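Structural features, examined
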Amino acid sequence: MSSPPNTPRPDRYDAEAIEARWQRVWADEGAFTCEVISRDGVVPVLPDRPKAYVLEMLPYPSGEIHMGHVKNYTMGDVVAHFRRRNGAAVFHPMGYDAFGLPAENAAIRTGEPPALVTSRNIARIRLQLQRLGFAIDWSTEISTADPEYYRWTQWIFLRMFEKGLAERRSAAVNWCPKDQTVLANEQVIDGHCERCGTQVELRQLTQWFLRITDYADALLDDMALLEDWPERVLSMQRNWIGRSQGARVAFRTEDGAHEVPVFTTRPDTLFGATFFLLAPEHPLLAELVAGRPEEAEVMDYARAAARASLADRGATDRPKTGVFTGRYVVNPVNDERIPVWVADYVLMDYGTGAVMAVPGHDERDFAFAAQFGLPVRRVVAGDDTDPATPLTEAEPGDGRLVNSGFLDGMDVADAKTAIAAWLSERGLGDATVGYRLRDWLISRQRYWGVPIPVVHCEACGPVAVPDDQLPVLLPEVDDYAPRGQSPLATNPEFLNASCPGCGGPARRETDTMDTFVDSSWYFLRYTAPHLSTAPFEREVADYWLPVDQYIGGIEHAVLHLLYARFFTKVLNDLGLVAMREPFARLFTQGMIYRDGAKMSKSKGNVVAPDEIVDRFGADTLRLYVLFMGPAADDIEWSDRGVVGARRFLDRLWTLVRTLPGDPGLVDRPAADGMDPAFLELLRKTESTIAKVTADVDERFSFHTAISAIQELTNAAGRAQADAPDLAPGSLRALRYAGQTAVSLLFPFAPHISSELWEALGGDRLWAAAWPDADPSLLVRDVVTVVLQVNGKLRDRAEVPAGSSQEELLAVARDSAKIAGAIEGKELLREIVVPDRLVNLVVR
RNA sequence: GCCGGAGUGGCGGAACGGCAGACGCAGCGGACUUAAACUCCGCGGCCCUCGGGCGUGUGGGUUCGACUCCCACCUCCGGCACCA
């Protein structure tokens, strides 16, 4: 499209200048500052319109944002802009998950304090985010490493401590030898440290735990409240919590001295138990073998198992190992005497650490029995199977009970009920539930985290630091290097304290908290970011929360997202907030790949957001990361694709800057008497409004929304090129189309949209009402009807919308192609779908 | 093994019971240019002679009609996994 000779050549699209200009305007006007926030302890007036708390997972300030951040925050920005222009009170804050190992490790390398590294990184990240033009309320920015913030992290910890939800106890825990700290179960992937990949070891240590297992059922049950969470995440959490219904059954040692309970999900197979297993760590083990000939071998085995790494012991393809203890227990259901073995496939921290082995119907027990020549007994058989048929492999499936006394003939489900009642009546067992979920180990033997606000008194034990002495400040230390205990332990001023209870000498806790604690409540702090008397203001928090739309990466499915749900439930039980779930709707974005791999520095395949902004502008980058493909999918980065996004913005720029007619926003033109080509453009404009609105609001389908705007822009460009002399109605339809494209594009590319909107004579596009489609223009007066024979497309016809069945059939019969296709055949049926198709079924 | 998700042009993808391949990238042809880039216009699943035939991982089914729904299978991705 060349410029007509007498019009001035339009100015070039200068992204850099435009973006700087509008970012300044928004900041000067406080365009995205949220009024409904507790500031200086003053509770704001709560507005009487819908609210939208739009939140993306806060970044770890590593010094550079990456493309994943750009995609994440652009999506949130689109939603926030969309809701604002649709009349909602919007809150869209940002903060930094600022404690953690990378800054600490950098500090160790360079000798700079982690606080300095972190604040420098935060300053840089803030600039990068601002350069992308995100509509963030920067006045509510928080950093989890700020004493003003972590004071309240400590405060919440103390509330949990008071409730018995935070406790110190000895347990076998995961230890990362490289990072020199313990890890939570969620932070161990296949036996390796989630952060550094080192194989973790098991160590028996006294550590702080949060009793998330107390909330296992609530975390499962309340998933019903999470209707808009991806099934994938719910399934992962369900899996992680791992609830299974079973029974606890009391076995006794044959001398009657000890009761050893087991947990089983198959109490129906109790008659099939032919041996009995203890975990190597089982507390009774040493006593059972004390002074017996088996003692040395058994205890050697137990010690070897304790030394084995989690990865080794957890390997399912390893042959079964175990040692006979020389002792027997009695099966309560038939008084049968069965041998007790120790085996390392039995886990101490699941169930009771003891297992009744039913080799006939459990694959692991069968493998163990085969290994050691132990008997296998069938107690479940199919309807056509003789109860005496020997088992050549474990049959864990359904069937009828056999060789099982009073259970014989029942199916598995009935037998479970019957045996549970039988055991319960005799006090020998109860229906119970097992969970895979473990308590959350939050101690870390590292420097750069929240100090656990407890002192250890010789007389009183662990004692909470009183609220009025919070925050327990992270002290300066000379050496941050991890040495198996927290660097805080080397600072005598920090270490020595007096007991808040008895005043006697005491020692401060030197472990710091897992940084996932910090991010488990930050969404509340935003609503009162500087409040000095409480972590948040209940009234304001209850107004904004739960978060209406939360957006982040799938990698937090069982980490942050589980922990934050747990914290919310605790705060709810403490009467501090009304919500039971923090995130009403969750969207998990896909990863951006390049050259078939996740972008990472070590692979050298990183595309730096800043470079793209330098070359093409922030609007191009924002548009491209959303246009790439479905927001939830993993997608390959394309350098050429970015160019395409920029080309589109250039095209829109040229279109709007060369629109004929006087400046000034136009209203929707009247359809009556309009030139057909421009009526078509008007219809296109209206259907684009409808599509973009639905795609953003209901489907989270940004790439299709953008493609619809592109179609509209292309259509307007063609209409302009094809018709140099325009009737007034046509002119208006053209301007209206361009203007609407700009308006719809705003959430995606706010700077260029604002600039063009201004050029069109508009003002403050970010506050302008989102356009509404005119329903009367969404229905067409002429439609294309598909003519089929036996479901195969044979012809098309243009007919007036709303034509009757008879009219449509007449049109079909008039078609030469249809006539040819049905010639000489018997007409069996005529299918007519109004305004869509006619299908003639012939034989 | 169990649970979840996905298979459509050269590529990212669209269509979610009714015209398969919108939009974009790459490609080809053309215009502009001394030339190149930019930009613009056009073509574009495969086979084939216009007419047509075949095409959404594979095989069945439901339906007038299936990328879409149902059953079975294959492949890939993700999660859990000696959890009794």
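Residues numbered from 1 in each chain as written. Chains lettered and ligands numbered in written order. Predicted model: local features only at pLDDT ≥ 70, side-chain atom pairs only at ≥ 80, totals over all residues. Heavy atoms only, no water.

Considerations on the sheet that holds strand 33 (residues 827–833)
Inclusion rule: Two strands are said to pair when DSSP picks up at least two bridges between them. Secondary structure counts use DSSP, requiring at least four H or I residues in a row for a helix and at least two E residues in a row for a strand, with both numbered from the N terminus. Interaxial angles span 0 to 180 degrees and are taken between N-to-C directions of axes, which are lines fitted to C-alpha atoms, for helices over the stretch in contact.
Spatial ordering of the open sheet is given by 32-31-34-33, a layout of four strands whose pairing is mixed. At either end of the open sheet lies a strand with only one pairing partner, and these are strand 32 (792–800) and strand 33. Going from strand to strand, the sheet's axes swing by 15° on average, the running direction of each strand aside. Pairing geometry for strand 31 (residues 782–789) and strand 32, over eight bridges, is antiparallel. By the bridge assignment for strand 32, Val789 is matched with Lys792.

Overview of the pattern of salt bridges
This is how it is decided: Just to be clear on terms, a salt bridge is a Lys or Arg side-chain nitrogen sitting within 4 Å of an Asp or Glu carboxyl oxygen. Note on classification: 1.4 Å probe, protein chains only; a residue is buried when its accessible area is under 20% of the maximum for its type, exposed when over 50%, partly exposed between these limits.
Applying the stated criterion across every chain, the model contains 54 salt bridges. For Arg120, the salt bridge is made with Glu112, and the minimal N-O distance between the two is 2.9 Å. Residue class for Glu112 comes out partly exposed when judged on its relative accessible area of 21%. Each of Glu64, Arg124, Arg131, Asp610 and Asp614 takes part in salt bridges that share partners, so that together they form one network.

A look at the confidence of the model for chain A
Worth spelling out the cut-off: Every residue is assigned a pLDDT by the predictor, reflecting its confidence on a scale from 0 to 100. Residue contacts follow a heavy-atom distance rule, with two residues in contact if any of their heavy atoms lie within 4.5 Å.
Looking at chain A as a whole, the pLDDT averages 91, with 99% of positions reaching at least 70. Predicted confidence is poor over residues 1–9, with pLDDT under 50, and the contacts of this stretch with residues over four places away or in other chains come to four contacts. The complex model carries a pTM of 0.93, and its ipTM stands at 0.94.

A closer look at the pairing of strand 13 (residues 323–331)
Along strand 13, seven of the nine residues are buried, which leaves the element largely enclosed by surrounding structure. Inspection of the sheet shows strand 13 paired to strand 14 (residues 336–342) by six bridges, in the antiparallel sense. Counterpart to Asn331 in the pairing with strand 14 is Glu336. Linking two consecutive strands that pair antiparallel, namely strand 13 and strand 14, is a turn of four residues; a positive phi of about 55° is found at Asp335 within it.

Focus: empty space enclosed by the protein
Stated precisely, the cut-off is as follows: Here the term cavity refers to a set of points on a 1 Å grid, laid over the protein atoms alone, in which a 1.4 Å probe fits but cannot get out; the term pocket refers to an open set having protein on both sides within 12 Å along at least five of seven lines, with lining residues being those that place an atom within 4 Å of a point. Grid points are joined across faces, edges and corners, and a volume is the space filled by probe spheres set on the points. Note on residue categories: nonpolar means Ala, Val, Leu, Ile, Met, Phe, Trp, Tyr, Cys or Pro, charged means Asp, Glu, Lys or Arg, and polar means any other residue, Gly included.
According to the stated counting rule, one finds one cavity of 30 Å³ or more in the structure shown. Volume-wise, the largest cavity comes out at about 40 Å³. Contributing to the lining of the largest cavity are Val79, Phe82, Arg83, Gln549, Arg585, Val696, Asp697 and Phe700. Residue contributions to the lining of the largest cavity peak at three residues, all from helix 2 (residues 67–85). The class makeup of the residues in the lining of the largest cavity is four nonpolar, one polar and three charged.

Examining the protein's contact with RNA strand B
Operational definition: Working definition: residue near molecule or strand if any one of its non-hydrogen atoms lies within 4 Å of it. As used in this structure description, the phrase polar contact means that two N or O atoms lie within 3.5 Å; if the pair is within protein, one of them must be able to donate a hydrogen and the other to accept it, and residues adjacent in sequence are counted only when both atoms belong to side chains.
The local shell around RNA strand B holds 53 residues, among which Lys320, Arg364, Arg640, Gln710 and Arg829 are the closest. Ser235 has a polar side-chain atom sitting 3.5 Å from a sugar or linking oxygen of RNA strand B. One of the side-chain N or O atoms of Arg836 is found 3.5 Å from a sugar or linking oxygen in RNA strand B. Broken down by class, the residue content of the surface near RNA strand B amounts to 19 nonpolar, 15 polar and 19 charged.

Observations regarding the sheet that holds strand 30 (residues 635–636)
Taken in spatial order, the three strands of this open sheet run 29-28-30, and their pairing is mixed. A strand with exactly one partner marks an edge of an open sheet, and here the two such strands are strand 29 (597–598) and strand 30.

Let's talk about the side chain of Asp514
With respect to the secondary-structure elements, Asp514 resides in the loop between strand 25 (512–513) and helix 14 (515–518). Residue Asp514 is classed as buried on the basis of its relative accessible area, which comes to 3%. One polar contact links Asp514 to Trp440, side chain to side chain, over a distance of 3.0 Å. Apart from residues lying up to four places away in sequence, Asp514 is in contact with Gln187, Trp440, Leu441, Ile442 and Arg444.

Some remarks on unusual backbone geometry
Leu470 connects to Pro471 through a cis peptide bond whose omega is 0°. Mapped onto the fold, Pro471 is located in the loop between strand 22 (461–464) and helix 13 (492–495). In this model, Leu545 is joined to Pro546 through a cis peptide bond whose omega is 5°. By the secondary structure assignment, Pro546 is in the loop between helix 16 (538–544) and strand 26 (549–553). Phi angles above zero are rare outside glycine, and Asp190 is one such case at about 50°. Its place among the elements puts Asp190 in the loop between strand 7 (188–189) and strand 8 (192–193).

Structural notes on the packing of helix 23 (residues 728–745) against helix 24 (residues 750–759)
Defined as follows: In this scheme, a crossing is called left-handed if the near helix is turned counterclockwise away from the far one by less than a right angle; it is called right-handed if the turn is clockwise.
It is the contact of helix 23 with helix 24, at a shortest axis distance of 8 Å, that shows an interaxial angle of 145°. Viewed along their axes, helix 23 and helix 24 form a crossing whose handedness is left-handed. Contacts between helix 23 and helix 24 involve Gln739, Val742, Ser743 and Leu745 from the former and Ile752, Ser753, Leu756 and Trp757 from the latter. Among the residues forming the contact of helix 23 with helix 24, the class breakdown is five nonpolar, three polar and no charged.

Focus on the environment of Asn185
Secondary-structure assignment places Asn185 in the loop between strand 6 (181–183) and strand 7. Remark: the alpha-carbon pair of Asn185 and Asp633, spanning 448 residues in sequence, is separated by 27 Å. Contact partners of Asn185, with chain neighbours within four places excluded, come to Asn174, Trp240 and Arg438.

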